[in-house]
Amino acid sequence: MKKKIKKAMSYLNNQNGFGLYEVIGIAAVLIVAAFVVIPGFRTFAENVMGEMDTWVNDSIFGKLFPAS
């Protein structure tokens, strides 16, 4: 157990800093997210909102609070 604690403490006390490769990696992840994940979320959100609109209009809410 003491060896694990020593290893963890040496990792936390590492003074190497934040390197160029880490910055490039973060930039690559953000670019992939911008072109792949975000448009997928938009389609997903449009589908959810469309289904919610249908569900609300067909339920008691649509009768109590009709849309103008």
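Cut-offs used in this document
Residues numbered from 1 in each chain as written. Predicted model: local features only at pLDDT ≥ 70, side-chain atom pairs only at ≥ 80, totals over all residues. Heavy atoms only, no water. Helix = DSSP H or I, 4+ residues; strand = E, 2+ residues; numbered from the N terminus. Buried < 20%, exposed > 50% of the residue type's maximum accessible area, 1.4 Å probe, protein only. Areas by Shrake-Rupley, 256 points an atom, 1.4 Å probe, with all protein chains shown as cover. Expected span 1.5 Å × (residues − 1). Bend = angle between axes of the 7 residues up to and from the residue. pLDDT = per-residue confidence, 0-100.

Is there a simple way to think about the overall build of the protein chain in this case?
Within the protein chain, the regular secondary structure consists of 3 helices and 0 strands. Sorting the 68 residues of the protein chain into buried and exposed places 3% on the buried side. A total of about 6800 Å² of accessible surface is found on the protein chain, and carbon and sulfur atoms cover 69% of it.

Explanation requested: helix H2 (residues 20-58) in the structure shown.
One full turn of an α-helix is made of 3.6 residues, so residues set three or four places apart face in the same direction. If you check H2, its first and last C-alpha atoms are 55 Å apart, about what 39 residues at 1.5 Å a residue would give, namely 57 Å. Taken as a whole, H2 carries its principal kink of about 40° at Ala 33.

Would you explain the confidence of the model for the protein chain in this entry?
Any region with low pLDDT has predicted coordinates that should not be read closely. Counting all residues, the mean pLDDT for the protein chain is 80, and 85% of those residues have values of 70 or more. The element-level mean pLDDT for the protein chain is lowest in helix H1 (residues 2-12), coming to 73, with H2 highest at 86.

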